[in-house]
Amino acid sequence: MSLLRACSLAKCLGRRSLADVRRCFADRCQLCVSVRSAAVRRISETPLYLQRRNISSVIPKSEDAKKRVHEQSQLLDVLEARIQQLQSDVVLDVQHAKVQFLKSPSFRGGLSSVRTLKGSSKDKSDIPKSGQAVTKRASKSQPSRWMEKLSEEKKNKLKKQQILQQKMQRNPKEKLPGKSKASRSSLMPTSTTYKTISSTAKKRRGGTKLSDEIRPSVSSAAAVTTAATSSKAAEALKTSKQKRRDSKSKVSDKDATNKPEDGDLAEIEELEKRLNEQAQQRICLSTMERFQESSTRSSCADIQLSIRCYLEACVFMGDVERSQRFLLSQHRVMSRRKQLTTDIYNIMMRVWAKKGTLNQIGRIFILLEEAGLKPNVSSYSAALECMGRNKNCPPKVISRCLDQMKKDGLSVDDLFRECVFRQDERDMLLKAVQTVRPDYEPSLTLNASQSSSPLVKDFYTNRDHHTYPKLDFTQEDLQRRFQHQLSVEQACTVTIDSVEAMKPVTENMVKMRELLAEQRAQWQKVLLQALRENKMILTKTNTRDYKLNLYPYLCLLEDKEYVDIMIQSVSNLPPSGESLKILAHDLGNRIYTKYCVRQKHQNCIVEKLQSIYGAYTELLAKDTKVCNVLPREQWCKLEMEQSSGPTLQGAETSWPYVLMLELGTFIVDIMVKNLKINSDILNPAYDKKLIPILYHMYTFRSTRQVGFIKPHPILTQMQQEAMETTLTFDSSVMPMLCPPVPWTSEKFGAYLLTPAKLMRATHGATQHEELLEKCPNLHPVFDSLNQLSNCAWRVNKPILDIIISIFNDRGSDKLDIPPPLSEAPKIPHFNPQDPDYTASEKAHMKREVINAKKKCSEMHSLRMDALYKLSIAHHMRDKLFWFPHNMDFRGRTYPCPPYFNHLGSDVTRATLVFAEGKPLGPKGLDWLKIHLVNLTGLKKRSSLQGRLEYADSIMEDILDSADDPLNVSSPSLF
């Protein structure tokens, strides 16, 4: 509304008679009056969007004179502030001059106009001589609320106006309402002496049109006007006239007595509305384009990763012909060729390199050229490896390959520094290079770059008098523990005794265990046959098709291993069922873990890992010399010293999330279709028929439909009544029996063979991995995780025995030990079709059923979680162990084992103590007493000394509770 008020005020002032103007501004210089009047008329006669671009570009420019005008006229300040708000780059620049007003013909309506006659010397204004000044009386105007409001609006809306102007300039073809041609005069250079401001006025039917053509000559501030300056000013004046003549436009003026109409406001609002809509459309379009580009890039990366995993699976299973056909089928079609990368072609290069077939490698180089790709270090490494394996390869061929590699900007050292080697690839590469360069030896340098963060800079630089602490183990003991952990990870699973096995065995338990064992033996045979039949069906499909096939992934392991994974997943299935998505991903991840372990065995990584870890124990063992290096630095140093053979890092490729889901879904489908049981196995009165033990159901979570795999109630009842004495876990959920491998990169660390992630993230998310690879220096993060991982732990046996006894009894809500399912509420049964129940009673019964089922599900989940934790703790009760650590996206550290760790519940943490105890010190016992009193909550308002005295007064009760915690003489104290 302030803009509309300013325009209406300008219109009213612009339509006054010339005599009124002179009377109102008699005490001000004539130049100010003329400039103000011209500016006011232009604002009143020009549409709003032209004012933003044109109005102030015809006003001369000077910062000093602008301040002087601001002091002389309040109205001129208002207009100048409004002009600056509409166009930020305009500055009112006026030199003091004297303007003469001439009489002009009168028009009807009582209004007079001022017209400067062109070409008449007597009509020109007098130019004061240099050094002269026009005397003016100082203005004593007080600050107005207009100025304060306009200055605030100027600060708030200046940026918005600039954005709107830029958008209007970007779209000059868009015609807005009320758009017309208008005069546009360009500012003269700073050295110009004269400036002409002109406008035209024409009479139209229906009202009086008024415009002034003011031709003031502004004197220069220079003391002497030279001839050269005069000529430049004349030339500039001529140019300005020509531009003005080309840019003249017609503007209209309404009657002075009329007030602003509602159409002006509507026009302004419509203009701003359209501009805002255009801005929103551009923002939406740019956001959609960025989203589509990111989605396309992510989709392409997933396709490339899937192709790479498929080829590696074909190569691992030994089907080289299938992998070659698949690569050629992808290469022949241009649309699919764009999805191929150099690393995908390199997979087949490594295959032919191991066979010594140089001509096949040459063909793949041709395919690379056809695809518009350039060979990288892995490409040349495979070619040179093939030449090293081929005894008949002439040295000229090797030299030609090295020369071509040099032309591509690659060196031989880059091959040994950046390539990932498997088996004896590095040795064959070195053999080929030394054929033409006998004295060559790879120059490998240790990455000793320190962290640039000021928080840890001193820690890395000031280590001259510090040594890394030793563990309380000998080197032989650590190596023996390494062998034990290696055997556990090679098996990929661990079978332990359940704490429920301590319960007395009943006749029904023995019967159910025998039935389950018999059924599992039958299920293994059925699943083995079904798996082979499905593999035969997949084999008969067209292998030349470009679509990916699951057959190679079903051949990575032995058939019996797939069946064992299925049986294990059935045993771990909760009675309420599991989401199909979660279950499928879990199955796919187990297959991938076993595949990675077998791949490391095939690539001879296990032998090299054993050699490096044996030397690494010198840093940790107490019977070796002290060192001032960190575990990460020691491991990297040992890798560089034992560089021959395979590379430990980067040998395996992570499977995409979609691939794991697809493979897991295929396995689940086999289980649902083939796992069956007799319906009368528990009740002979039922009809004997085979029924599935797994059902694929659907449920709704919020508004989404989710697939569920739910076990049959018969299977659930058999498992609950059997109370089996063993539990099977993956090796990755168990604590490690030796110090973990130190983190040296974002893809290597923690477990010996089992793959682990440095950063936890949602399944399928890959952005964090890309960001981690771009991080310049993660050494402080690695060192922090390594220090936490090297802390040894052991089980507090007395506390564990007490918790197990309470767990096998009936649990305890006060101690957060969950009760068994026998304590769960019974689920009510009723017939919804029974007419004896009213509608409200039926609704009430349904709510009771839902609540009872929910309670049973929660109790089962808590019970199984406690069972897993206590069983693992019982399994590790006589052992020392370590927890490998990783972090989340916030930098918070967590132990990798999910069930049993020191960040669990109070019950779990109570069963853990440090393996290496430290003395409490002279005041340690007092602080333990104070902490014990704090736990009771009885002395919250007492001082520390008062709490200590209270602990001494009840010391007998404290000792009694420690000796017999289940039978406390004074239970009210605790």
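Residues numbered from 1 in each chain as written. Predicted model: local features only at pLDDT ≥ 70, side-chain atom pairs only at ≥ 80, totals over all residues. Heavy atoms only, no water.

Topic: the overall build of the chain
Okay, so step 1: In terms of helices and strands, the chain carries 34 helices and 16 strands.
Okay, so step 2: Burial analysis of the chain (974 residues in total) assigns 44% to the buried set.
Okay, so step 3: Restricting the contact set of the chain to residue pairs at least 6 apart, pairs at least 24 apart contribute 74%.
Okay, so step 4: Accessible surface for the chain amounts to roughly 54,000 Å². Of this, 52% is attributable to carbon and sulfur atoms. (Helix = DSSP H or I, 4+ residues; strand = E, 2+ residues; numbered from the N terminus. Buried < 20%, exposed > 50% of the residue type's maximum accessible area, 1.4 Å probe, protein only. Contact = heavy atoms within 4.5 Å. Areas by Shrake-Rupley, 256 points an atom, 1.4 Å probe, with all protein chains shown as cover.)

Notes on a nonpolar patch on the surface
Okay, so step 1: A cluster of nonpolar side chains, Leu920, Leu925 and Leu928, forms an exposed patch at the surface whose accessible area comes to about 310 Å².
Okay, so step 2: On the accessibility criterion, Leu928 (45% relative accessible area) is partly exposed. (Patch = residues over 30% accessible without salt bridge, like charges linked within 9 Å, V, L, I, M, F, W, Y side chains within 5 Å. Salt bridge = Lys/Arg side-chain N within 4 Å of Asp/Glu carboxyl O.)

A short note on the side chain of Ser731
Okay, so step 1: Secondary-structure assignment places Ser731 in the loop between strand S9 (726-730) and strand S10 (741-745).
Okay, so step 2: Under the relative-accessibility criterion, Ser731 is labelled buried at 3%.
Okay, so step 3: Contacts of Ser731, omitting those with residues within four sequence positions, involve Val488, Glu489, Cys492, Thr493, Val494, Tyr751 and Thr754.

Section: the sheet that holds strand S12 (residues 792-795)
Okay, so step 1: Taking strand neighbours across the sheet as the criterion, the three strands line up as S13-S12-S16 in an open arrangement whose pairing is antiparallel. Edge positions in the sheet fall to strand S13 (881-882) and strand S16 (912-914), since each of these pairs with one other strand and no more.
Okay, so step 2: With three bridges connecting them, S12 and S16 associate as antiparallel partners. When the sheet's bridge partners are listed, Val795 is paired in S16 with Leu912. (Pairing = 2+ DSSP bridges.)

Comments concerning the packing of helix H21 (residues 559-571) against helix H22 (residues 580-602)
Okay, so step 1: At a minimum axis distance of 11 Å, the contact between H21 and H22 shows a crossing angle of 145°. For H21 against H22, the interelement crossing comes out right-handed. Together, Glu561, Tyr562, Ile565, Gln568 and Ser569 of H21 and Leu583, Leu587, Arg590, Ile591, Lys594 and Arg598 of H22 make up the contact between the two elements. (Axes fitted to C-alpha atoms, helices over the stretch in contact; angles between N-to-C directions. Left-handed = near helix turned anticlockwise from the far one by under 90°.)

With respect to the sheet that holds strand S8 (residues 704-711)
Okay, so step 1: Taking strand neighbours across the sheet as the criterion, the three strands line up as S4-S8-S7 in an open arrangement whose pairing is antiparallel. With partners counted over all chains shown, the strands left at the sheet margins are strand S4 (578-579) and strand S7 (694-701), one partner each.
Okay, so step 2: Where S4 meets S8, two bridges bridge the pair, whose relative direction is antiparallel. Residue Glu578 lies in a different strand from S8, and its bridge partner there is Ile709.

Things to note about the nonpolar core
Okay, so step 1: Counting 94 residues, the largest nonpolar core has Leu384, Leu415, Tyr553, Leu556 and Trp655 as its most contacted members.
Okay, so step 2: Residue assignment places this core across two domains, with domain 1 (291-441) and domain 2 (475-676 + 716-740) each supplying three or more.
Okay, so step 3: If we skip the residues at most four places from it in the chain, Tyr553 touches Ser306, Cys309, Tyr310, Ala313, Tyr562, Trp655, Leu659 and Leu663.
Okay, so step 4: Ile612, Leu620, Phe748 and Leu785 belong to the second-largest nonpolar core, a separate cluster that totals 46 residues. (Core = buried A, V, L, I, M, F, W, Y, C linked by side-chain atoms within 4.5 Å. Domains from an automatic or database assignment.)

Concerning the pattern of salt bridges
Okay, so step 1: What the rule picks out here adds up to 29 salt bridges.
Okay, so step 2: A salt bridge links Arg520 to Glu724; the nearest nitrogen and oxygen atoms lie 2.5 Å apart. Here Glu724 lies in the loop between helix H26 (713-722) and S9 and Arg520 lies in helix H20 (residues 507-539), a separation of 204 residues in the sequence.
Okay, so step 3: Residue class for Glu724 comes out partly exposed when judged on its relative accessible area of 26%.
Okay, so step 4: Lys673 is the partner of Asp669 in a salt bridge, and the nearest nitrogen-oxygen pair spans 3.1 Å. Of this pair, Asp669 and Lys673 both sit in helix H25 (residues 657-674), four residues apart, roughly one helical turn.

Some points on the side chain of Lys929
Okay, so step 1: Inspection of the secondary structure puts Lys929 in helix H32 (residues 924-936).
Okay, so step 2: At 2.8 Å, the side chain of Lys929 forms a polar contact with the side chain of Asp952.
Okay, so step 3: Discounting chain neighbours no more than four positions away, the residues touching Lys929 are Leu948, Ala951, Asp952 and Met955. (Polar contact = N/O pair within 3.5 Å; in protein donor to acceptor, adjacent residues only side chain to side chain.)

Topic: unusual backbone geometry
Okay, so step 1: Positive phi values are uncommon outside glycine, yet Met723 reaches one of about 45°.
Okay, so step 2: Within the secondary structure, Met723 is located in the loop between H26 and S9.
Okay, so step 3: Relative accessible area serves as the criterion here: at 26%, Met723 is assigned to the partly exposed category.
Okay, so step 4: Positive phi is not limited to glycine here, since Ala750 has a value of about 75°.
Okay, so step 5: Counting through the fold element by element, Ala750 comes out in strand S11 (residues 748-750).

Considerations on helix H28 (residues 779-789)
Okay, so step 1: For H28, the set of buried residues is His779, Pro780, Phe782, Asp783, Leu785, Asn786 and Ser789.
Okay, so step 2: Along its buried surface, H28 packs onto helix H18 (457-461), helix H24 (631-641), S10, S13, strand S14 (885-887) and strand S15 (893-895).

A few points about the UniProt feature "repeat: PPR" (unreviewed entry) in the chain
Okay, so step 1: Mapped onto this numbering, the UniProt entry gives "repeat: PPR" (unreviewed entry) at residues 341-375.
Okay, so step 2: Its end C-alpha atoms 10 Å apart, residues 341-375 is made of 77% helix and 0% strand. (UniProt positions renumbered as here; feature names shortened; annotations may be inferred.)

Describing the pairing of strand S3 (residues 493-497)
Okay, so step 1: Covered by surrounding structure in S3 are Val494 and Ile496 only, the residues Thr493, Thr495 and Asp497 on the alternate face being uncovered.
Okay, so step 2: Relative to S9, S3 runs antiparallel, the two being bridged by five bridges. Bridging across to S9, Ile496 finds its partner in Leu727.

Comments concerning the packing of aromatic side chains
To describe a pair of aromatic rings, one takes the distance between the centres and the angle between the planes.
Okay, so step 1: One pass over the full model with this rule turns up 24 aromatic pairs.
Okay, so step 2: For the pair Phe881 and Phe883, a centre-to-centre distance of 5.5 Å together with 70° between the ring planes defines the contact as edge-to-face. Exposure class is identical for Phe881 and Phe883. Each is buried.
Okay, so step 3: Of the aromatic side chains, those joined through ring pairs into one cluster are Tyr310, Phe316, Phe326, Tyr553, Tyr592, Tyr595 and Trp655.
Okay, so step 4: Here the guanidinium or amino end of Arg863 rests over the ring plane of Phe807, the centre of that ring lying 3.6 Å away. (Phe/Tyr/Trp six-rings, centres within 6.5 Å; stacked < 30°, edge-to-face > 60°. Lys NZ or Arg CZ within 6 Å of the ring centre and 35° of its normal.)

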